[in-house]
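Listed below are the residues making up each chain.
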Amino acid sequence: MEIREARPIDFEQIWPIFHQVVRAADTYAYAPDTSREEAYKIWMEMPLKTYVCEVGGEILGTYYLKTNHAGPGAHVCNCGYMVAANARGRGLASAMCDHSQQVALELGFKAMQFNFVASTNVGAVRLWKKLGFDEVGRLPEAFNHPTAGYVDAFVMYKWLDAS
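Residues numbered from 1 in each chain as written. Predicted model: local features only at pLDDT ≥ 70, side-chain atom pairs only at ≥ 80, totals over all residues. Heavy atoms only, no water.

1. Structural notes on the overall build of the chain
A count of helices and strands for the chain gives four helices and seven strands. When its helices and strands are written in sequence order, the chain yields β-α-α-β-β-β-α-β-α-β-β. Computed over its C-alpha atoms, the radius of gyration of the chain comes to 15 Å, within 12% of the 15 Å expected for a compact globule of 163 residues. Principal axes of the C-alpha set define a box for the chain whose edges measure 40 × 35 × 30 Å. In the chain, which comprises 163 residues, the proportion classed as buried is 45%. Long-range pairs, those at least 24 residues apart, make up 62% of the contacts in the chain with a sequence separation of at least 6. Computed over 15 positive and 18 negative side-chain charges, the separation of the two mean positions in the chain equals 3 Å. (Helix = DSSP H or I, 4+ residues; strand = E, 2+ residues; numbered from the N terminus. Rg over C-alpha atoms; globule rule 2.2 N^0.38 Å. Buried < 20%, exposed > 50% of the residue type's maximum accessible area, 1.4 Å probe, protein only. Contact = heavy atoms within 4.5 Å. Lys, Arg positive; Asp, Glu negative; His and termini not counted. Charge placed at Lys NZ, Arg CZ, Asp CG, Glu CD.)

If you want it as structure tokens, here you go:
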């Protein structure tokens, strides 16, 4: 497994992952019909950094890292992670989250916040808690899950700076 910074050409392999995850509408609050062009902007242009996770030369996961807020909140970053359906359960999300925390510290961030984790995304919630994130907020019925209906979304937070 190799995690490296994404290049524009990598979007050819990122797009199917992004499209699959967003079309399912069960974890991310992006429109299920997000276009390829909009996805490129969201995943490749707007973040501070975007990374891919390769196994045997194939991109199976990706994440972005960006500042969560400007000004006095600029020391907190935000990340989003996606793993191809056929690669889930193999530790890619865990490896990418660990990697993103190191990158965040190298870039001078002090904390990481996930703004909108669907409560029905049980695997992600369990993983983020295992990796030291706390549920610091609950947004009642903020996510409209395609089968579960309106469910809560969590705000999850971790202080990264050990100094």
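2. What about helix α4 (residues 122-130)?
Every buried residue of α4 is listed here: Ala-124, Val-125, Leu-127 and Trp-128. End-on, the buried residues of α4 take up no more than an arc of 165°, which puts them together on one face. Of the exposed residues in α4, those oriented more than 90 degrees away from the buried face are Arg-126 and Lys-130. Just beyond α4, the residue with positive phi is Gly-132, at close to 100°. (Arc of directions from axis to C-beta.)

3. Topic: helix α1 (residues 11-24)
The α-helix winds at 3.6 residues per turn, so residues separated by three or four positions along the chain end up facing the same way. The first and last C-alpha atoms of α1 sit 19 Å apart over 14 residues, in line with the 20 Å expected at 1.5 Å per residue. Regarding α1, the residues found buried are Phe-11, Ile-14, Trp-15, Ile-17, Phe-18, Val-21 and Val-22. On its buried face, α1 is in contact with α2 (36-45), β2 (49-55), β3 (58-67) and β4 (76-83). Following α1 by one or two positions, Ala-25 has its phi on the positive side, about 60°. (Expected span 1.5 Å × (residues − 1).)

4. A closer look at the nonpolar core
Generally speaking, nonpolar side chains in soluble globular proteins are found buried as a group. Counting 47 residues, the largest nonpolar core has Trp-43, Phe-114 and Trp-128 as its most contacted members. At seven residues, α1 tops the list of elements feeding residues into this core. (Core = buried A, V, L, I, M, F, W, Y, C linked by side-chain atoms within 4.5 Å.)

5. Looking at the pattern of salt bridges
Counted under the stated rule, the structure contains eight salt bridges. Glu-54 is the salt-bridge partner of Arg-4, the closest N and O atoms lying 3.0 Å from each other. Of this pair, Arg-4 sits in strand β1 (residues 2-5) while Glu-54 sits in strand β2, and the two are 50 residues apart along the sequence. Linking Glu-135 and Arg-138 is a salt bridge whose minimum nitrogen-to-oxygen distance equals 3.5 Å. For Arg-138, a relative accessible area of 44% gives the class partly exposed. (Salt bridge = Lys/Arg side-chain N within 4 Å of Asp/Glu carboxyl O.)

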